[in-house]
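# Descriptive structure summary
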Amino acid sequence: QVQLVESGGGFVQAGGALRLSCAASGRVFMIGAMGWYRQAPGKQRELVARITNTGNTNYADSVKGRFTISRNSTKSTVYLQMNSLKPEDTAVYYCNALSITIADYWGKGTLVTVSS
């Protein structure tokens, strides 16, 4: 069992920055990859960024050059640094952990609101 708790969401103006954090607990040794997804009202949940245990990263085209995902293995925490935020970035952001057993774990989400 893995528990994920997100933090760092909030309200910012366009062009601002936020840093999201996701703390994992439980069977952390079972995690093979972690990532951030987001979902806006009326839209599908989409992958924002992910990082594997080997350090490989992947980003959605819409956030490349603006967002950076990183991981602190000793603290079992993954971060998402979001710069140059745009109104279209407004969504609930969810932390995800993929177990080496292919089980998926999700946090409850944190709301990011970007105003014009």
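Structure's up top.
As a starting point, this report considers the structure included with it. Fair warning: this is a prediction, and the values are worked out from it, not measured in the lab. (Residues numbered from 1 in each chain as written. Predicted model: local features only at pLDDT ≥ 70, side-chain atom pairs only at ≥ 80, totals over all residues. Heavy atoms only, no water.)

### Some details on the overall build of the chain
This is how the line gets drawn: Only runs of H or I of at least four residues qualify as helices and only runs of E of at least two qualify as strands under DSSP, and these elements are numbered from the N terminus. Computation of the radius of gyration draws on C-alpha atoms alone. For the globule rule, the value is 2.2 Å times the number of residues to the power 0.38. Partly exposed residues are those whose accessible area sits between 20% and 50% of the maximum for their type, while under 20% is buried and over 50% is exposed, using a 1.4 Å probe and protein chains only. Contact criterion: two residues are considered in contact whenever any of their non-hydrogen atoms come within 4.5 Å of each other. Using the Shrake-Rupley algorithm and a 1.4 Å probe, accessible areas are obtained, with residue cover drawn only from the displayed protein chains. The positive count covers Lys and Arg only, the negative count covers Asp and Glu only, and His and the chain ends enter neither. Taken as the charge centre is NZ of Lys, CZ of Arg, CG of Asp or CD of Glu, depending on the residue.
Scanning the chain for helices and strands turns up zero helices and 11 strands. When its helices and strands are written in sequence order, the chain yields β-β-β-β-β-β-β-β-β-β-β. Over its C-alpha trace the chain gives a radius of gyration of 13 Å, about what one expects of a compact globule, namely 13 Å for 116 residues. Its C-alpha atoms give the chain principal-axis dimensions of roughly 40 × 25 × 20 Å. Counting the 116 residues in the chain, one finds 41% classified as buried. A separation threshold of at least 6 residues defines the contact pool for the chain, and within that pool the share at least 24 residues apart is 53%. Of the roughly 6,200 Å² of accessible surface on the chain, a fraction of 51% belongs to carbon and sulfur atoms. Charge-centre separation for the chain: the mean point of 12 positive side chains lies 7 Å from the mean point of 6 negative side chains.

### Looking at the sheet that holds strand E1 (residues 2-7)
How we decide: Two strands qualify as a pair provided that DSSP identifies no fewer than 2 bridges between them. Axes, fitted as lines to C-alpha atoms, cover a helix only where it is in contact. Angles between the N-to-C directions of the axes lie from 0 to 180 degrees.
One open sheet holds the four strands; their spatial order is E1-E3-E8-E7, and the pairing between them is antiparallel. On the outer flanks of this sheet lie E1 and strand E7 (67-72), each paired with one strand and no other. Taking the axes of each pair of neighbouring strands and ignoring which way they run, one obtains an average angle of 15 degrees across the sheet. Here strand E3 (residues 18-26) runs beside strand E8 (residues 77-82); their pairing, made up of six bridges, is antiparallel. Bridge pairing links Cys22 to Val78 in E8.

### Structural notes on the pattern of salt bridges
As a reminder, the rule being used: Salt bridges are defined as contacts in which a side-chain nitrogen from Lys or Arg sits within 4 Å of a carboxyl oxygen from Asp or Glu.
Taken as a whole and assessed by the stated rule, the structure comprises four salt bridges. Here Glu46 and Arg38 are joined by a salt bridge, their closest N and O atoms 2.8 Å apart. In this structure, Asp61 and Lys64 form a salt bridge, with 3.1 Å as the shortest nitrogen-oxygen distance. The same class applies to Asp61 and to Lys64, which are both exposed. Here the salt bridges share partners, and the residues they tie into one network are Arg38, Glu46, Arg66 and Asp89.

### Comments concerning the packing of aromatic side chains
How two aromatic rings sit relative to each other is given by the distance of their centres and the angle of their planes. Rules: Pairing of aromatic rings covers Phe, Tyr and Trp, the last through its six-membered ring, and needs centres within 6.5 Å; plane angles under 30 degrees mean stacked, over 60 mean edge-to-face, and all others mean tilted. Ring-over charges, as used throughout, are those where CZ of Arg or NZ of Lys falls within 6 Å of the ring centre and within 35 degrees of the ring normal.
For the structure on display, the rule yields one aromatic pair. Here Tyr37 and Trp106 contribute two aromatic rings whose centre-to-centre distance is 5.0 Å and whose plane-to-plane angle is 65 degrees, an arrangement assigned as edge-to-face. In this pair, Tyr37 sits in strand E4 (residues 31-39) while Trp106 sits in strand E10 (residues 104-106), placing the two residues 69 residues apart along the sequence. Classification of Trp106 as partly exposed rests on a relative accessible area of 37%. One Lys or Arg, Arg45, reaches over the ring of Tyr94 and ends 3.8 Å from the middle of that ring. The ring of Trp106 carries Arg45 above its face, with NZ or CZ at 4.8 Å from the centroid.

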